[in-house]
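# Structure at a glance
Below are the chains, spelled out letter by letter.
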Amino acid sequence: KEAFNQVVQRHNFRIRAFVLLPEHIHCIWTLPEDDNDFPMRWRLIKSYFSRRCDTGYKRHLSVSRLNKGEQGVWQRRFWEHQIRDEQDFRNHVEYIHYNPVKHGLVKSPVQWPYSSFHRYVRQGDYESDWGVGAEIVFDDKIGRE
């Protein structure tokens, strides 16, 4: 959280949706007009986090990354998708908020503390029991563009 806050202060952007999972992050960002420098912001976030990360945690993550052909805490790449319209935005927000359930980490999005889902519930955009019960299936393209 501190890494994101530091970068937002220096290179303004708005985090519209977010989930932090043990092995990856999903975000939707809005950048200022005429600014599309996602790579610079990701580089700064990763760098800030890595410099302040507990070395034991780094060692654990490094082994996991090495098994996937990566070095260090972060994978080299990221995927970016430009949101096309309001429906595309909703689909991606729901995908992000349901991701901890999809990965079997919790039974309900509200149980996962590292998510913007809680902000959306406070704002009245979701009921707290959204995503409970029946599995939500998303189009195969969502989250992989």
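See the structure printed just above.
What you see is a predicted model; the values in this text were computed from it and never measured.

## Re the overall build of the protein
Regarding its fold elements, the protein presents five helices and two strands. The secondary structure elements of the protein, listed N-terminal to C-terminal, are α-β-β-α-α-α-α. In the protein, buried positions account for 35% of the 145 residues. Pairs at least 24 apart in sequence give 54% of the contacts found in the protein among residues at least 6 apart. Element-wise, carbon and sulfur atoms account for 48% of the exposed surface of the protein, whose accessible area totals about 9700 Å².

## A few points about the pairing of strand β2 (residues 25-30)
In terms of strand pairing, strand β1 (residues 14-20) meets β2 through six bridges, oriented antiparallel. Bridging across to β2, Phe-18 finds its partner in Cys-27.

## A few points about the layout of surface pockets
As a volume, the second largest pocket reaches approximately 160 Å³. Forming the walls of the second largest pocket are 11 residues, and the residues nearest its centre are Tyr-95, Lys-102, Ile-136, Val-137 and Phe-138. Classifying every residue of the lining of the second largest pocket gives six nonpolar, no polar and five charged.

## Observations concerning the pattern of salt bridges
Evaluation of the coordinates by the stated rule reveals three salt bridges. The closest approach of N and O atoms between Asp-35 and Arg-41, which form a salt bridge, is 2.7 Å. Taking relative accessible area as the criterion, Asp-35 reaches 26% and is therefore assigned partly exposed. For Arg-41, a relative accessible area of 1% corresponds to the buried category.

## So, the packing of helix α1 (residues 2-10) against helix α2 (residues 38-52)
α2 packs onto α1 with a crossing angle of 135° between their chain directions and a minimal axis gap of 9 Å. By the angle between their axes, α1 is oblique relative to α2. Here α1 and α2 pass one another in a crossing that is right-handed. Residues Glu-2, Ala-3, Phe-4, Gln-6 and Val-7 of α1 form the contact with α2, whose own contacting residues are Arg-41, Trp-42, Leu-44, Ile-45, Tyr-48, Phe-49 and Arg-52. Considered class by class, the residues forming the contact of α1 with α2 number eight nonpolar, one polar and three charged.

## Details of α1
Burial in α1 covers these residues: Ala-3, Phe-4 and Val-7. Along the long axis of α1, the arc covered by the buried residues comes to 95°, so they all point the same way.

Reading guide: rules and limits
- Residues numbered from 1 in each chain as written.
- Predicted model: local features only at pLDDT ≥ 70, side-chain atom pairs only at ≥ 80, totals over all residues.
- Heavy atoms only, no water.
- Helix = DSSP H or I, 4+ residues; strand = E, 2+ residues; numbered from the N terminus.
- Buried < 20%, exposed > 50% of the residue type's maximum accessible area, 1.4 Å probe, protein only.
- Contact = heavy atoms within 4.5 Å.
- Areas by Shrake-Rupley, 256 points an atom, 1.4 Å probe, with all protein chains shown as cover.
- Pairing = 2+ DSSP bridges.
- 1 Å grid on protein atoms, 1.4 Å probe; cavity = no way out; pocket = protein on both sides within 12 Å on 5 of 7 lines; lining within 4 Å.
- Points joined across faces, edges and corners; volume = space filled by probe spheres on them.
- Nonpolar A, V, L, I, M, F, W, Y, C, P; charged D, E, K, R; others polar.
- Salt bridge = Lys/Arg side-chain N within 4 Å of Asp/Glu carboxyl O.
- Axes fitted to C-alpha atoms, helices over the stretch in contact; angles between N-to-C directions.
- Parallel < 35°, antiparallel > 145°, perpendicular 65-115°, else oblique.
- Left-handed = near helix turned anticlockwise from the far one by under 90°.
- Arc of directions from axis to C-beta.

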